[in-house]
Amino acid sequence: MNAPHPHLAARQRLYDEMSPLNLTPLWEVLHSLVPPQPATPCVPALWKYDEVRPFLMRAGEAITAEEAVRRVLILENPALRGQSAVTQSLYAGLQLILPGEVAPSHRHTQSALRFIVEGSGAYTAVDGERATMHPGDFIITPSWTWHDHGNDADVPVVWLDGLDIPIIRFFDAGFAQNDVSKSQQVTRAEGTSMARYGHNMAPVRHDAPFGATSPIFSYPYERSREALERLERDAPVDDWDGVKLRYLNPLTGGSPMPTMATFMQRLPAGFSGKPWRQTDGAVYSVVEGEGEVVIERQGVATRFAFAPRDHFVVPSWHTARFSSKQGCVLFSYSDRPVHQALGIHQEERLS
C-alpha cells in the first residue's frame, strides 16, 4: 500500500491541530460557500387543499384557537422538515378559525400576511382597526403591531399565513409579546386605513403609521380581480406571467412589507407560458381556476396540476413555466424586497 502524499499528511495534521482553536480551512469549502449559481436545498412542493382540509378540521376538534394561540398547520418544504419553513427565508401555514372563536391578541417583530382561502365573515384586527375577511383578500399584519382574529360568522374560515420567520431567525431579532386582553379595543371604523391611503391620496399631515410597511393593511380581492380582468381585456398579455400585478405600499411605491413582496396574476384561458427563473423563491395560492406548473432544476422536472385553494412553492433559481386551459388566478409572495435591498436579485426570462 502506497504511503499518503507528504503534503496531504501535513495538511491533515494542520487541520487536526488547529481544530481545537475553532479554525477550519476555507479552501476545503470555498466552492460550496461561493457556488457558480444558487444551490438551494429546497425542493418544489404542492399541497392539495382537498387533502389538507380534513386535517385542518381535525385540528379544530383537537385544540381551540385560544389554546393554540394560532391554530395553524405549517406547510414545510420536504427538504426542510423540522425547520418550520417553506423556503430558507419564508414561512407558510394554513390557519383555521371556527365560528365564535377568537385567536388572542399578541404582537411580534415578524411581519405577516394573510391571504383568505375559504369562508367569509371572520375578521382580523390590527392596531385598533378591524378588517372583515373574504376569499382572495390580502391582509397585512405589520411588524410589532397588536393583532387578533375572530370569527363572527357561522362557517369555518381558513387563510394562508405568510411570515418572514426564517429571516428574523437568521438575524436573531425575534421578539413577541402577549396582550393583556384577548381582543384589542377597536378604536377606528373599518375601512379607515383604505379611506386615508387607498385612493392615490394621503392625509396632508401624516406619518407612516407602520414604518416601512404599507398603511393599508387590507387589500380586497374584488379590486384586484377587477384590475386583472380589465388588463386581460385591454392590454397585451405577457408571455411569461400572463397578467401579473404587484401590491404596493402607497406611501413609497415599494412592496407592502419590507421583507415580502406580494403579487396577483391572471393566466388567460389557453395560456401556455414561457419559462423563467428568479433568485427569490415564491409561494403560490390558487384563487380561481385550474392550471399546471412545470418546475425544473438540473434536468429534473416536476409537474404539478393545481386547482382552487391548492398551494405550491417554486424554490430559488428553479425554472418554472405556467399553463392553463380554462384560465386561473394566482396569488403569490416572495422575499424579493430583501434581495433588492441587498442588490442580489437576479431574474431570467427564457425563450
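Numbering of residues starts from 1 in each chain and follows the order in which that chain's sequence is written. Local features in this predicted model are restricted to residues whose pLDDT is 70 or higher, and side-chain atom pairs enter the listing and the counts only when it is 80 or higher, whereas totals over whole chains, interfaces and linings include all residues. Side-chain metrics in this entry use all non-hydrogen atoms of the structure; hydrogen atoms and water are not considered.

Per an unreviewed UniProt entry, the protein chain goes by Gentisate 1,2-dioxygenase and derives from Caenimonas koreensis DSM 17982.

Enquirer: Where do I start with a nonpolar patch on the surface in this structure?
Expert: For patch detection, residues must exceed 30% relative accessible area and be free of salt bridges, and they are connected within 9 Å for like charges or within 5 Å for nonpolar side chains (Val, Leu, Ile, Met, Phe, Trp, Tyr). Using the Shrake-Rupley algorithm and a 1.4 Å probe, accessible areas are obtained, with residue cover drawn only from the displayed protein chains. The rule for a salt bridge is simple: a side-chain nitrogen of Lys or Arg has to be within 4 Å of a carboxyl oxygen of Asp or Glu. Among the surface-exposed residues, Leu 26, Val 29, Leu 30, Leu 33 and Val 34 lie close enough to one another that they form a single nonpolar patch of about 450 Å² accessible area. By definition, any uninterrupted DSSP run of H or I lasting at least four residues is a helix, any uninterrupted run of E lasting at least two residues is a strand, and each is numbered from the N terminus. One can find Val 29 in the loop between α1 (6–18) and α2 (30–33). Judged by its relative accessible area of 36%, Val 29 is partly exposed. Throughout this description, buried means an accessible area under 20% of the type-specific maximum (1.4 Å probe, protein chains only), exposed means over 50%, and partly exposed covers the range between.

Enquirer: Could you clarify how one ought to interpret the layout of surface pockets in this entry?
Expert: One way to see where empty space is left: roll a probe the size of a water molecule over the atoms. In this analysis the probe radius is 1.4 Å and the grid spacing 1 Å, with only protein atoms considered; a cavity is a set of points the probe fits into but cannot get out of, a pocket is an open set with protein on both sides within 12 Å along at least five of seven lines, and lining residues have an atom within 4 Å of a point. Grid points are joined across faces, edges and corners, and a volume is the space filled by probe spheres set on the points. Considered as a void within the structure, the largest pocket measures approximately 840 Å³ in volume. What lines the largest pocket is a set of 25 residues, and nearest its centre among them are Gln 88, Ser 89, Asp 335, His 339 and Ile 344. Those elements giving two or more residues to the lining of the largest pocket turn out to be α5 (165–170) and α8 (336–342). The biggest single contributor to the lining of the largest pocket is α5, with four residues. Roughly 630 Å³ of volume is contained in the second largest pocket. If you trace the second largest pocket, you find 21 residues lining it, with Gly 198, Tyr 219, Arg 223, Tyr 247 and Leu 248 closest to the centre. Top contributing element to the lining of the second largest pocket by residue count: helix α7 (residues 221–234), with four residues. Across the lining of the second largest pocket, the residue classes tally to 15 nonpolar, four polar and two charged. Each residue is assigned to one of three groups, with Ala, Val, Leu, Ile, Met, Phe, Trp, Tyr, Cys and Pro labelled nonpolar, Asp, Glu, Lys and Arg labelled charged, and all others, Gly among them, labelled polar.

Enquirer: Looking at this structure, how should I read the UniProt feature "domain: Cupin type-2" (unreviewed entry) in the protein chain?
Expert: UniProt positions are given in the numbering used here, feature names are shortened, and annotations may be inferred rather than shown by experiment. In this structure's numbering, the residues bearing the UniProt feature "domain: Cupin type-2" (unreviewed entry) are residues 94–161. This span, residues 94–161, is 0% helix and 60% strand, and a straight line between its end C-alpha atoms measures 6 Å.

Enquirer: What is the right way to look at the pairing of strand β22 (residues 328–334) in this model?
Expert: Side-chain direction in a regular strand flips from residue to residue, so the side chains alternate between the two faces of the sheet. In terms of burial, β22 is a largely internal element, seven of the seven residues being buried. Residues Cys 328, Leu 330, Ser 332 and Ser 334 line one face of β22 and the alternating positions Val 329, Phe 331 and Tyr 333 line the opposite face, and both faces are buried. Pairs of strands are assigned from DSSP output, requiring at least two bridges between the strands. Relative to β22, strand β14 (residues 261–267) is paired through seven bridges, and the arrangement is antiparallel. Bridge pairing links Thr 262 to Tyr 333 in β22.

Enquirer: Sorry if this is basic, but what is going on with the sheet that holds strand β6 (residues 122–126) here?
Expert: To summarise the sheet geometry, strands pair through backbone hydrogen bonds and adopt either a parallel or an antiparallel arrangement. Taken in spatial order, the five strands line up as β7-β6-β9-β4-β11 in an open sheet, and their pairing is antiparallel. The two strands at the open ends of the sheet, each matched to only one other strand, are β7 (129–132) and β11 (176–178). On average, adjacent strands in this sheet sit at an angle of 25 degrees to one another, irrespective of strand direction. For strand β4 (residues 102–108) and strand β9 (residues 147–151), the ladder comprises three bridges, and the chain directions are antiparallel. Residue Ala 103 lies in a different strand from β9, and its bridge partner there is His 149. To get an axis, fit a line to the C-alpha atoms, keeping to the stretch in contact for a helix; angles then go from 0 to 180 degrees between the N-to-C directions.

Enquirer: What is the right way to read α7 from this model?
Expert: Helical periodicity: at 3.6 residues per turn, an α-helix aligns residues three or four positions apart in one direction. The length a helix should cover is 1.5 Å for every residue beyond the first. Here α7 spans 20 Å end to end across 14 residues, near enough to the 20 Å set by a 1.5 Å rise per residue. Among the residues of α7, Tyr 221, Ser 224, Arg 225 and Leu 228 are the ones counted as buried. With its buried residues spanning 95 degrees around the axis, α7 presents them on a single face. Facing away from the buried side of α7, by more than 90 degrees, are the exposed residues Glu 222, Glu 226, Arg 230, Arg 233 and Asp 234. Contacts are residue-level and defined by heavy atoms, with any inter-residue pair within 4.5 Å sufficient. Residues of α7 that are buried sit in contact with β12 (218–219), β13 (243–246), β14, β17 (282–289) and β22. As used here, the arc belongs to the directions running from the helix axis to the C-beta atoms.

Enquirer: What exactly am I supposed to notice about unusual backbone geometry here?
Expert: Negative phi is the rule for most residues except glycine; trans is the rule for most peptide bonds. Within the chain, Val 69 stands out as a residue other than glycine whose phi angle is a positive 70 degrees. As for its position among the elements, Val 69 is in the loop between α4 (65–68) and β2 (72–74). On the basis of relative accessible area, Val 69 is assigned to the partly exposed category, the value being 30%. Its identity as a non-glycine residue notwithstanding, Ser 84 has a phi of 55 degrees, on the positive side. Locating Ser 84 in the fold gives a position in the loop between β2 and β3 (91–97).

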